[in-house]
Amino acid sequence: MNKDFIKYQAQTSPYPLGMEVSHASGSYIYDTDGNAHLDFVAGVSACTLGHCHPNVVSAIKEQVEKYMHVMVYGEYAQSPATTYTKLLAANLPEPLEVTYLVNSGTEAIEGALKLARRYTGRSEIIAAKSAYHGNTMGSLSLMDFEERKSVFRPLLPDIYHIEFNNEEDLEKITHKTACVILETIQGGAGFILPKNGYLKKVMDRCKEMGALLILDEIQPGFGRTGKLFAFEHFDCIPDILVIGKGMASGLPVGAFTSSIEIMHTLSENPKMGHITTFGGNPVIAASSLATLNMLLNSSLIEDTLKKESLFKKLLKHPKIKEIRGRGLMLALIMDTPETANQLVLQAKEKHLILFWLLFENRAVRISPPLTITKKEIQEGCEIILALLNSL
Ligand SMILES: Cc1ncc(COP(=O)(O)O)c(C=O)c1O
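Model, not experiment: these values are computed from the prediction.

## Section: the layout of surface pockets
Okay, so step 1: As a volume, the second largest pocket reaches approximately 700 Å³.
Okay, so step 2: Contributing to the lining of the second largest pocket are 36 residues, with Tyr73, Gly74, Glu75, Thr99 and Tyr100 lying nearest its centre.
Okay, so step 3: Of all the secondary-structure elements, those providing two or more residues to the lining of the second largest pocket are helix 4 (79-90), strand 4 (98-102) and helix 9 (260-264).
Okay, so step 4: Looking at the lining of the second largest pocket, the element that brings in the most residues is helix 4, giving five residues.
Okay, so step 5: Looking at side-chain class alone, the lining of the second largest pocket contains 17 nonpolar, 15 polar and four charged residues.

Have a look at this one:
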């Protein structure tokens, strides 16, 4: 299968990991040779409830048997999306009440940027250095790595950058700013947490200047950091919340949420300010609803903090210089990029799935399903420690 995969499926790099997948269940992915791979990555923070969680599978099956796609987004009332957005609103602070469901994280970012420009009537957008918000033209324009952007220019104009956690930079937010967009916890940069009330200070400055604050929770959202949404740790409520990834436990999804007043501007003058065929798809909404219900009715969210402590207790080694992140969004910062690279590659041979971060080359990602057990954490950490001893 690998030969055809490389020949016929467009590649993102010359070095795909290339496991031939047979099936997946819980914390394991099984290859076509029958090996079980312990998954410490969860499809890059997407499989919140692990692989093929029974509640998710039965919600999907039940919905598939009723109807799949009946109309473009926004025309018909369909129970999965309606029930889901209502439950989400009940679990978000005011004024985050209305959710626009789309197909991916990057599309949700595009929608949020359009909404901020439409609502404020301003064009200037401020993003953080080392941020990652997705790969379509608008999201890519937010990135500050010229080597990744230059070949795709011209990109969106009127975008400026501030340094995450640098309070002096906040004066760059002015009456001309439509929005400031930040990841609540910077992912690709190395799982960097906001410090010293930074997000609240950004929120206050935005309010003063009449700019909107957009928080990208595509990675930390849905329980991964010990709260349903990571912004709840930081005394800050965004004007627009962007979510995705773990929302549907493994199906493609994204969404952005705001107040009725702000969101209303996308549906008039011009109407259809954002349109999508498949956004709010009933099968994906059913899967999102099953995921959210499971998170709200179990101890999985609070358990992430106990699991974080276990990882930190077990993963003590001279080659691990620091463990960054919160809950089950952890990055091992290794002594050198080479150690990080070798650890990911050699763990694969031991049937433990680890992965890199986009911009911090000393980092190794640990973002397992929230359902991972203590025993599985112990098993995986033993493999990591043995590999580090042999490197
Ligand atoms: C913080 C953040 N924003 C946006 C995205 C883009 O989401 P998607 O890949 O679903 O388009 C990602 C994906 O990794 C992400 O981590």
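## Focus on empty space enclosed by the protein
Okay, so step 1: Counting across every chain of the model gives one cavity of 30 Å³ or more.
Okay, so step 2: Empty space within the largest cavity amounts to approximately 60 Å³.
Okay, so step 3: Forming the boundary of the largest cavity are 13 residues, of which Leu101, Val253, Gly280, Ile284 and Ala285 lie nearest the centre.
Okay, so step 4: Mapped onto the lining of the largest cavity, the elements with two or more residues apiece are strand 4 and helix 10 (282-296).
Okay, so step 5: Among the residues making up the lining of the largest cavity, the classes are represented as eight nonpolar, five polar and no charged.

## Some thoughts on the pairing of strand 1 (residues 21-25)
Okay, so step 1: Judged from the four bridges that link them, strand 1 and strand 2 (residues 28-31) form a sheet pairing that is antiparallel. Bridge pairing in strand 2 places Ala24 opposite Ile29.
Okay, so step 2: Counting the residues in the hairpin turn of strand 1 and strand 2 gives two residues, including Gly26, whose phi is positive at 60°.

## A closer look at the packing of helix 4 against helix 10
Okay, so step 1: Contact geometry of helix 4 with helix 10 gives a least axis separation of 8 Å together with a crossing angle of 35°. Here helix 4 runs over helix 10; the crossing is left-handed. Along its contact with helix 4, which presents Pro80, Ala81, Thr83, Tyr84, Leu87 and Leu88, the element helix 10 presents Pro282, Ala285, Ala286, Ser288, Leu289, Leu292, Asn293 and Leu296.
Okay, so step 2: Across the contact of helix 4 with helix 10, the residue classes break down as eleven nonpolar, three polar and no charged.

## Thoughts on the site of the ligand
Okay, so step 1: Near the ligand the following residues occur: Ser104, Gly105, Thr106, Tyr132, His133, Gly134, Glu183, Asp216, Ile218, Gln219 and Lys245.
Okay, so step 2: Between the ligand and the protein, one listed contact pairs an oxygen atom with a backbone N or O atom of Gly105 at 2.9 Å.
Okay, so step 3: Asp216 places a polar side-chain atom, nitrogen or oxygen, 2.7 Å from a nitrogen atom of the ligand.
Okay, so step 4: Summarising the interface, the protein chains cover 80% of the accessible area of the ligand, which totals 390 Å² for the free molecule.
Okay, so step 5: Across the shell around the ligand, the residue classes tally to two nonpolar, six polar and three charged.

## Some remarks on the side chain of Glu107
Okay, so step 1: For Glu107, the position within the fold is in helix 5 (residues 105-120).
Okay, so step 2: Every residue in contact with Glu107, bar those within four places of it in the chain, is listed here: Val102, His274 and Thr276.

Cut-offs used in this document
Residues numbered from 1 in each chain as written. Predicted model: local features only at pLDDT ≥ 70, side-chain atom pairs only at ≥ 80, totals over all residues. Heavy atoms only, no water. 1 Å grid on protein atoms, 1.4 Å probe; cavity = no way out; pocket = protein on both sides within 12 Å on 5 of 7 lines; lining within 4 Å. Points joined across faces, edges and corners; volume = space filled by probe spheres on them. Helix = DSSP H or I, 4+ residues; strand = E, 2+ residues; numbered from the N terminus. Nonpolar A, V, L, I, M, F, W, Y, C, P; charged D, E, K, R; others polar. Pairing = 2+ DSSP bridges. Axes fitted to C-alpha atoms, helices over the stretch in contact; angles between N-to-C directions. Left-handed = near helix turned anticlockwise from the far one by under 90°. Contact = heavy atoms within 4.5 Å. Near = heavy atom within 4 Å. Polar contact = N/O pair within 3.5 Å; in protein donor to acceptor, adjacent residues only side chain to side chain. Areas by Shrake-Rupley, 256 points an atom, 1.4 Å probe, with all protein chains shown as cover.

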